[in-house]
Amino acid sequence: MTIEQHITKLAKSAVQALYNAEVDEAQVVLQKTRPEFEGNITLVVFSFAKQARKAPQVIASEIGEWFMANGNGLISKYNAVQGFLNLCISDSFWVEQLEQIDQDADYGRQADRNQLMMVEYSSPNTNKPLHLGHVRNNLLGYSIAQIQEANGWKVVKTNIVNDRGIHICKSMLAWLKYGNGETPESSGKKGDHLIGDYYVRFDKEYKKQISELMSQGKDEESAKKEAPLILEAQEMLRKWEANDPEIRALWAKMNEWVYAGFDETYRRMGVSFDKIYYESNTYLEGKSEVEKGLANGQFYRREDGSVWADLTKDGLDEKLLLRSDGTSVYMTQDIGTAKLRFQDYPIDKMVYVVGNEQEYHFKVLSILLDRLGFPFGKELVHFSYGMVELPNGKMKSREGTVVDADDLMDKMVEDAKEISKDKVNTLQGVTEEEANEIARKVGMGALKYFILKVDPRKNMLFNPEESIDFNGNTGPFIQYTFARIQSVLRKAESSPASSVSIKQLEEKELTLIQRLCEYPVVVRTAGDNFSPAVICNYAYDLACEFNSFYHDLSILNEKDEQKRALRLLLAKNVAKVLRSAMGLLGIEMPERM
RNA sequence: GGUCCGGUAGCUCAGCUGGAUAGAGCAACAGCCUUCUAAGCUGUGGGUCUCGGGUUCGAAUCCCGACCGGAUCACCA
């Protein structure tokens, strides 16, 4: 039983005994005692005032007194300030808690709930390399998967690769026209970057054609529709769907280049997938579902041959499902992908990690799946996160205003390497290889924490002019705290005793134990809210408190053996929880730094 | 225009299922390394929690209304 559960129970009994009144658990408000008052936990008694018919101050005192008499020694002291009853929990209770935490190798992990959650994230288009926006998506997706797993879900991480469609045709066309057979090998470029360059090239040439047409008197809209390049790209897409062997071969070749590039980027980011779907394999499934819906009257066909869903009854618009030329759109393939996934896995919850700009899309998808008779349609979760913005606005691939994922990771690791050069003392005797590994962990840790610490729902700002910090509320700060502990544990020689006999705790020791006790609740909250940021905040608080403890109290040089043992045990478990928490964020911990 | 999201210190962000005097980091300033890693610790200054109403013992937090910013409402993905 947690301390909160203990006190809640006691509080209910107290109110019953003292005022002969029944209170429900929601009325029992507990919070951490503010540092300016003495105590660990505070019971807020305002909510009892009505039933007790007394002033809050009096209630607090009376309950405090009752706790002292009936609390079985759990509460060692109390003080009442207005309606706040501040409780000191006995030191022996805290020491016991620490010992229990130490015994639990999976501390923080919730019981297996025997249900399967599929988490889709990343979902790249194969026409350009990944940028900072994708980085946020990948880190959030991976972290959410870890967090839900810790909350007892069986998690399947999945990726839907948008490998077909007009966008990839644009890159292909530009490569055919201007590429002179360039390959990743011949150019020395990473495959995804090479393809991205042609995507940008297409846009450039296309814009030229548009302005040419406009100078000939066309209005912008028809110029965009009639430019030869876009017509050619559309023709290419039709040929692709018609299985034209030449187009298919080119498509397969260029996609392979991109995948090789993505794999490299994913590997560096430390994200992975259990099952990858390709749009080219799912869109036909989607088409046939749409045909079925058409046949049973869910959808309708317009005169030009295009197929639509009427969603006006749901308060939405009409939605295109198949173009007049018969080709499919984004929505079509998402229907097909969903169907295949539910064939492949016994999914209890389907989560899509996709930016908030697509909220409308998922609202529609949910309704369409439901109409097509898929029981999971209504239940799907769109984990909608905010955009990454630059100081001058959104990133736009076609305009080249993007922060490239590979470049950014390079830069972070370089910066970490640069900073570590000053650490000649602590990193002495470390091989070049180990030093590089530390720089990789620290640089990536800084990047990941920087992104994950902000509330996922909110837009976040990234200023490329300012480098990401390595001091303060950062990943490296937490890694550093961990490395310090490892250093102490190495020097301690024998491993910490698992049980200690301590009469009185120092304030900073107690604070740390209390913080460790919160971890399981934090994991649950992060899961319920789909928020890695909750984990970040917790890890930061824990690291701060440890550093303060470390500064004030000596561990290895403590003469009292029991105190030394307690502090070692405490340090060991702080490290354990820090590693676990950071693991939920996909951040690795260096043994030294 | 409809719908959704956001607005907290100079900057980046916590806090939001209502609780005590609103917190961190960065930046600025002042201290702390012959003792377990100074990527650390301690302190100072910095606020009309966008504004106005309402609910209540109590509102940054909940409700309503303004204002500002963003997203979305495609035969794009």
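Up top is the structure.
Every chain's residues receive numbers from 1 upward, in the order its sequence appears when written. Numbering of ligands from 1 and lettering of chains from A proceed in the order in which they are written. Given that the model is predicted, a residue must reach a pLDDT of at least 70 before its local features are reported, and side-chain atom pairs must reach 80 or more before they are shown or counted; all residues, however, enter totals for whole chains, interfaces and linings. Heavy atoms from the whole structure form the basis of all side-chain values; hydrogens and water molecules are not counted.

J.: Even after reading the chapter, I still don't get the overall build of chain A, so can you show me in this structure?
T.: Where helices and strands are cited, they refer to DSSP runs of H or I of at least four residues and of E of at least two residues respectively, numbered from the N terminus. From N to C terminus, chain A includes 20 helices and 15 strands. Considering only C-alpha atoms, chain A reaches an extent of 90 × 65 × 45 Å along its principal axes. When checking whether two residues touch, look at their non-hydrogen atoms; a contact exists if any pair is within 4.5 Å. Partitioning the contacts of chain A with sequence separation of at least 6, the portion at a separation of at least 24 is 74%. A 1.4 Å probe and the Shrake-Rupley method give the accessible areas. Residues count as covered only by the protein chains that appear here. Entry remark: accessible area of chain A is about 27600 Å², with carbon and sulfur atoms responsible for 47%.

J.: Sorry, what's going on with the sheet that holds strand β7 (residues 275-278) here?
T.: Strand pairing in a sheet takes place through backbone hydrogen bonds and is either antiparallel or parallel in direction. Strand order in this open sheet of five strands is β7-β6-β5-β11-β12, and the pairing throughout is parallel. Unpaired on one side and paired on the other, β7 and β12 (381-385) mark the two borders of the sheet. Looking at each pair of strands side by side, their axes are set apart by 25° on average, direction ignored. Relative to strand β6 (residues 154-161), strand β5 (residues 116-120) runs parallel, the two being bridged by five bridges. Each bridged residue has a counterpart across the sheet, and for M117 the counterpart in β6 is V155. Here a strand pair is declared whenever DSSP counts at least two bridges between the two strands. Note on definitions: angles span 0 to 180 degrees between N-to-C directions of axes, and those axes are lines fitted to C-alpha atoms, for helices only across the stretch in contact.

J.: I'm lost on the pattern of salt bridges in this one. Help?
T.: Any two side chains of opposite charge can pair, given that their charged atoms come close. One side-chain nitrogen of Lys or Arg within 4 Å of one carboxyl oxygen of Asp or Glu is enough to make a salt bridge. Under the defined criterion, the tally for this structure stands at 42 salt bridges. Across the salt bridge formed by K292 and E289, the nearest N and O atoms sit 3.0 Å from each other. Placement of the pair is K292 and E289 together in helix α12 (residues 279-295), with a separation of three residues, close to one helical turn. Since its relative accessible area comes to 44%, K292 is described here as partly exposed. With a closest N to O distance of 3.5 Å, E418 and K421 form a salt bridge. Note on E418: relative accessible area 48%, which makes it partly exposed. Taking the relative accessible area as the measure of exposure, K421 reaches 53% and is therefore exposed. Note on exposure labels: buried denotes an accessible area under 20% of the residue type's maximum, exposed denotes more than 50%, and partly exposed covers the range between, all computed with a 1.4 Å probe on protein chains only.

J.: Whenever I open this one, the nonpolar core confuses me. Can you help?
T.: Within soluble globular proteins, side chains that are nonpolar tend to cluster in buried spots. I63, F67 and I89 are the most contacted members of the largest nonpolar core, which totals 157 residues. At 13 residues, the largest contribution of residues to this core is made by helix α20 (residues 561-584). The residues touching I63, leaving out its near neighbours within four places in the chain, are A14, V15, L18, Y19, L43, V45, F48 and L85. To form a nonpolar core, buried Ala, Val, Leu, Ile, Met, Phe, Trp, Tyr and Cys residues must be joined to one another through side-chain atoms within 4.5 Å. Counting 31 residues, the second largest nonpolar core, distinct from the first, contains V329, F362, L368 and F374.

J.: Can you help me understand the protein's contact with RNA strand B in this one?
T.: Residues are counted as near a molecule or strand when any one of their heavy atoms sits within 4 Å of it. Close to RNA strand B lie 63 residues; D304, K423, D455, Y480 and Y550 are nearest. What you see for RNA strand B is that sugar and phosphate hold 63% of its atoms within 4 Å of the protein. Contacts to RNA strand B include R484, whose side-chain N or O atom sits 2.6 Å from a phosphate oxygen. Breaking the surface near RNA strand B down by element, the ones donating at least two residues are β2 (41-44), β4 (84-89), α6 (166-178), α14 (359-371), α15 (405-420), β15 (460-461), α17 (475-492) and α19 (532-552). For the purposes of these results, a polar contact is taken to be a pair of N or O atoms within 3.5 Å, where, inside protein, one atom must be able to donate a hydrogen and its partner to accept one; residues adjacent in sequence count only when each atom of the pair is a side-chain atom.

J.: Whenever I open this one, the sheet that holds strand β9 (residues 307-310) confuses me. Can you help?
T.: Pairing within the open sheet is antiparallel, and its three strands lie in the order β8-β9-β10. Looking at strand neighbours, the two that pair on one side only are β8 (299-301) and β10 (318-322), the edges of this open sheet. In this sheet, adjacent strand axes meet at a mean angle of 35° when their direction is disregarded. Sheet analysis places β8 next to β9, joined by three bridges and oriented antiparallel. What sits directly across from F299, in β9, is A309.

J.: Quick question: what am I supposed to make of α12 here?
T.: Each α-helix turn comprises 3.6 residues. Residues three or four places apart therefore point the same way. Each residue after the first adds 1.5 Å to the expected span of a helix. With 17 residues, α12 extends 24 Å from end C-alpha to end C-alpha; this agrees with the ideal 24 Å at 1.5 Å per step. Within the sequence span of α12, burial applies to E279, S280, T282, Y283, G286, K287, E289, V290, G293 and L294. Angular distribution of buried residues about the axis of α12 spans 165°; they occupy a single face of the element. In α12, those exposed residues whose orientation departs by more than 90 degrees from the buried face are N281 and A295. In the stretch just after α12, G297 is the one whose phi turns positive, near 85°. The directions considered for the arc run from the helix axis to the C-beta atoms.

J.: Got a minute to help me understand the packing of helix α11 (residues 245-269) against α15 in this structure?
T.: Between two packed helices, the angle of one axis relative to the other and the distance separating the axes together describe the packing. Closest axis-to-axis distance for the α11/α15 pair is 10 Å, and the angle between their directions is 35°. Between α11 and α15 the crossing geometry is left-handed. Where α11 approaches α15, its residues T265, R268 and M269 are matched on the opposing element by A405, D406, M409, D410 and V413. When residue character is reported, Ala, Val, Leu, Ile, Met, Phe, Trp, Tyr, Cys and Pro are called nonpolar, Asp, Glu, Lys and Arg charged, and the others, Gly included, polar. Class assignment for the residues of the contact of α11 with α15 results in four nonpolar, one polar and three charged. Two helices crossing with the near one rotated counterclockwise from the far one by less than a right angle form a left-handed crossing, whereas a clockwise rotation gives a right-handed crossing.

J.: Quick question: what am I supposed to make of α14 here?
T.: With 13 residues, α14 ought to run about 18 Å at 1.5 Å a step, and its terminal C-alpha atoms sit 19 Å apart, in line with that. Those residues of α14 that fall on the buried side of the exposure criterion are H361, F362, V364, L365, S366, I367, L368 and L369. Buried residues along α14 sit in contact with β8, β9, β10, α13 (330-344), β11 (349-355) and β12. Two residues or fewer past α14, G373 is found with a positive phi of approximately 95°.

J.: Is there a simple way to explain the pairing of strand β3 (residues 75-81) in this structure?
T.: Looking at chain direction, β3 and β4 are connected through six bridges and run antiparallel. Bridging from a neighbouring strand, I75 pairs with I89 of β4. Following β3, the chain reverses through two residues before pairing antiparallel with β4; Q82 in that reversal takes a positive phi of roughly 50°.

J.: So what exactly am I meant to see when it comes to the environment of D203 here?
T.: With respect to the helices and strands, D203 occurs in helix α8 (residues 191-215). On the basis of relative accessible area, D203 is assigned to the buried category, the value being 9%. Each C-alpha atom, one on D203 and one on V574, is 53 Å from the other, the two residues being 371 residues apart in sequence.

J.: Teacher, can you tell me more about the packing of aromatic side chains here?
T.: Aromatic ring pairs: the centre-centre distance and the angle between the two ring planes describe each pair. The pairing test for Phe, Tyr and Trp rings, Trp by its six-membered ring, is centres within 6.5 Å, and the orientation test on the planes gives stacked under 30 degrees, edge-to-face over 60, and tilted for anything in between. Applying the stated criterion across every chain yields a total of 21 aromatic pairs. A centroid spacing of 6.0 Å and a plane angle of 40° characterise the contact between Y107 and Y519, whose relative ring orientation is tilted. Pair noted here: Y107 is in the loop between α4 (91-103) and β5 and Y519 is in helix α18 (residues 507-528), with a separation of 412 residues, a long-range link. Comparing Y107 with Y519 shows no difference in burial state: the two are buried. Ring geometry for F342 versus F376: centroids 3.3 Å apart, planes at 0°, classification stacked. Here the residue F342 occupies a position in helix α13, and F376 occupies one in the loop between α14 and β12, the gap between them amounting to 34 residues. With respect to class, F342 is no different from F376; both count as buried.

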